[in-house]
Amino acid sequence: MQKYSVFSLIKNAFSDHQNWEVAWKDPTPKKEYDVIIIGGGGHGLATAYYLAKEHNITNVAIIEKGWIGGGNVGRNTTIIRSNYMHDDNALFSEFGMDLWRKMSQDLNYNVMFSPRGIINLAHSDAQMNAYSRRGNSMRLNGIDAVLLNREEVQKRIPMADFSDNVRFPIFGGLMQPSAGTARHDAVAWGYARQADSMGVDIIQNCEVTGFDVTNGKIIGVRTSRGDIKAKKVGLCVAGSTNILAEMLNMTLPIETHLLQACVSEPVKPLLDHVVTFGAGHFYCSQSDKGEMVMGGDLDGYNSYSQRGNLPTLQHVLTEGIAMFPFLSKLKMLRTWGGIMDMSMDGSPIIDKTHIDGLYLNCGWCYGGFKATPASGWTFAHTIAQDRVHELNAGYSLNRFNTGDLIDEKGLGTKTWIS
Amino acid sequence: MLYIFCPHCGLRSQNEFAYGGDATVKRPELNKEISDKDWDNFVYLRKSPRGKHLELWHHISGCRQWIKVERDTSTHEIFKTYKADELTE
């Protein structure tokens, strides 16, 4: 594989950038693989990469019904954080933060990781108490957390509404300085390029139509490009999880819902951090191009359509304007939607299943992007070793039977009830 | 914007409704002995199909009645709506 560097850039400038190697190949599927990963999104690509890198398993195929990075890894708001209170989530996410910091070097691909800090605003004394508790829990798990008072928040985001007669006055906030953003497409492309170079077949435009299971063991996958045999199969298909589960006669604690995001026209740099509204569901950051990147609530009903509906967008932006009044002056550039695998306790599932050789990675709700490296790393471990790693032991499928739910916010699929 | 036909009030915009989830899920019979597993499955497991989905909506800003809506989850087309006690075979 050609290494990307300033020297290769200069060298290729002389040939008008016509001689760059392709970043990944377009192979036809082989008859058989050791591992098939279904879903060429961030999690699937990362899983294949760590299977090859950490476990030396390279006879791997990624099967993607569309194009790689066309699903939620290309539709998110690029936020990376580990500001969780529960141990399972905190330790898993903080492990991921470490992978994020090293990712550009590790992949030889600039993912533009920008640890600009995230601020969760508080609008009451009770919320300040809750944030202080969450911050302390984070610090006990080795995650940086700073409780900011009103003046400290005002110094960092003076454009927020600090006037006297507001419905939700800003009391302060909880900040994780090491949180930030990354270029989402680059994450998918970086993992794809490295996985491909280590021998992984990335097979696009290949839809799974069924599974071959014999005596409780997976033996292959039926696809729109023919049957492919496999010793092990991993599902990384986010919002499409229930469609594949139905083919396997499985019913999961997952509902598929629609989440929208939007960006404004680009403006000059004014927002240094990722900021979330504490009295509703709205978050905002500014992209390197200057667009305000915004998101909020689910549309609120089961949906597989990857486009949103206006009432939710209006509701979300109303909250945005309550937080940042200047947003009302901006024109909207683009809105889009993706489909989320909402789990019943709001936490993900990375586990084995009752079918031998079939592994499940789902339930990311709308926190999937930041989990990309840690999810891929632990899922690769689970597949390669046929047992969960201690980092994803809490993300078991049977916790809904044992009662070991990880109810970080106690919301599950009905997030709008908060 | 979804437009939902309330069997009690007529055609109204989605803003008047709250979503109540899958209407085909059946609560186990009251006071009947069931296994923990059956209860967990009732509480947590959902088919969440792509395509036709029978679901509950609450006309919260209208007549405050619960209704059943048959809707396509990939196109958002609404085929038919029912009163809450209809279709209970």
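Higher on the page you've got the structure.
Residues numbered from 1 in each chain as written. Chains lettered and ligands numbered in written order. Predicted model: local features only at pLDDT ≥ 70, side-chain atom pairs only at ≥ 80, totals over all residues. Heavy atoms only, no water.

A.B. asks: Help me get a handle on empty space enclosed by the protein, residues and values and all.
C.D. replies: Rolling a probe over the atoms, with the probe sized like a water molecule, indicates the empty space that remains. Residue and element names in this part refer to chain A. What the rule picks out here adds up to 1 cavity of 30 Å³ or more. Taken as a whole, the largest cavity encloses approximately 50 Å³ of empty space. Along its surface, the largest cavity is lined by Gln260, Ala261, Cys262, Met294, Gly295, Gly296, Asp297, Thr312, Leu313 and Val316. For the lining of the largest cavity, the secondary-structure elements that each account for two or more residues are strand 12 (254–264), strand 15 (292–302) and helix 8 (310–323). Per-element tally for the lining of the largest cavity: the top contributor is strand 15, with 4 residues. Broken down by class, the residue content of the lining of the largest cavity amounts to 5 nonpolar, 4 polar and 1 charged. (1 Å grid on protein atoms, 1.4 Å probe; cavity = no way out; pocket = protein on both sides within 12 Å on 5 of 7 lines; lining within 4 Å. Points joined across faces, edges and corners; volume = space filled by probe spheres on them. Helix = DSSP H or I, 4+ residues; strand = E, 2+ residues; numbered from the N terminus. Nonpolar A, V, L, I, M, F, W, Y, C, P; charged D, E, K, R; others polar.)

A.B. asks: Requested: an account of the layout of surface pockets, with residues and values cited.
C.D. replies: All names here are of chain A. One number sums up the size of the second largest pocket: a volume of about 470 Å³. Listing elements by their share of the lining of the second largest pocket, those giving two or more residues are helix 6 (184–197), strand 14 (282–286) and strand 16 (332–343). The class makeup of the residues in the lining of the second largest pocket is 5 nonpolar, 10 polar and 8 charged.

A.B. asks: Outline the sheet that holds strand 13 (residues 274–276) of chain A, listing residues and values.
C.D. replies: All names here are of chain A. Across the sheet, which stays open at both edges, the 8 strands sit in the order 5-6-4-13-14-15-12-16 with mixed pairing between neighbours. Of all the strands in the sheet, the pair left with one neighbour each is strand 5 (146–149) and strand 16. Each neighbouring strand pair of the sheet contributes to a mean axis angle of 25°, computed without reference to strand direction. Sheet topology places strand 12 next to strand 16; 11 bridges connect them, and they run antiparallel. Pairing of Gln260 across the sheet is with Gly337, part of strand 16. (Pairing = 2+ DSSP bridges. Axes fitted to C-alpha atoms, helices over the stretch in contact; angles between N-to-C directions.)

A.B. asks: Could you give an account of unusual backbone geometry, with specific residues and numbers?
C.D. replies: Residue and element names in this part refer to chain A. The residue Asp16 is not glycine, and still its phi comes out positive at about 60°. Of note, the phi angle at His17 is positive, near 60°, even though the residue is not glycine. Looking at His17, the relative accessible area reads 39%, which means it is partly exposed. (Buried < 20%, exposed > 50% of the residue type's maximum accessible area, 1.4 Å probe, protein only.)

A.B. asks: Hey, could you go over the interface of chain A and chain B for me, with residue numbers and the actual values?
C.D. replies: The interface is formed by 26 residues belonging to chain A together with 21 residues belonging to chain B. Roughly 2,100 Å² is buried in total at the junction of chain A and chain B, and carbon and sulfur atoms are behind 52% of that figure. Looking at the side of chain A facing chain B, the largest losses of area belong to Tyr301, Asn302 and Tyr304 of chain A, adding up to 27% of the total buried there. Seen at the junction of chain A and chain B, the total is 0 salt bridges. Across the chain A-chain B interface, the total number found is 11 residue pairs in polar contact (both at pLDDT 80 or more). Elements represented by at least two residues in the side of chain A that touches chain B include exactly helix 7 (241–247), strand 12, strand 15 and helix 10 (399–402) of chain A. (Contact = heavy atoms within 4.5 Å. Buried area = accessible area lost by both parts, 1.4 Å probe. Salt bridge = Lys/Arg side-chain N within 4 Å of Asp/Glu carboxyl O. Polar contact = N/O pair within 3.5 Å; in protein donor to acceptor, adjacent residues only side chain to side chain.)

A.B. asks: Describe the packing of helix 2 (residues 42–55) of chain A against helix 6 of chain A, naming the residues involved and giving the relevant values.
C.D. replies: Residue and element names in this part refer to chain A. Packing of helix 2 against helix 6 leaves a shortest axis separation of 9 Å and a crossing angle of 35°. With respect to the hand of their crossing, helix 2 and helix 6 are arranged in left-handed fashion. In contact with Leu45, Ala46, Ala48, Tyr49 and Tyr50 of helix 2, helix 6 contributes Ala188, Tyr191, Ala192, Gln194 and Ala195. (Left-handed = near helix turned anticlockwise from the far one by under 90°.)

A.B. asks: Any details on the pattern of salt bridges? Residues and values, ideally.
C.D. replies: Within the structure shown, the criterion is met by 15 salt bridges over all chains. Ionic pairing is found between Arg222 of chain A and Asp212 of chain A, a salt bridge with its closest N-O pair at 2.8 Å. Here Arg222 of chain A, found in strand 10 (residues 217–223), pairs with Asp212 of chain A, found in strand 9 (residues 208–214); they are 10 residues apart in sequence, far enough to count as distant. Arg12 of chain B is the partner of Glu16 of chain B in a salt bridge, and the nearest nitrogen-oxygen pair spans 3.2 Å. Owing to a relative accessible area of 30%, Arg12 of chain B belongs among the partly exposed residues under this scheme. Through salt bridges with shared partners, a single network forms among Glu94, Asp98, Arg101 and Lys102 of chain A.

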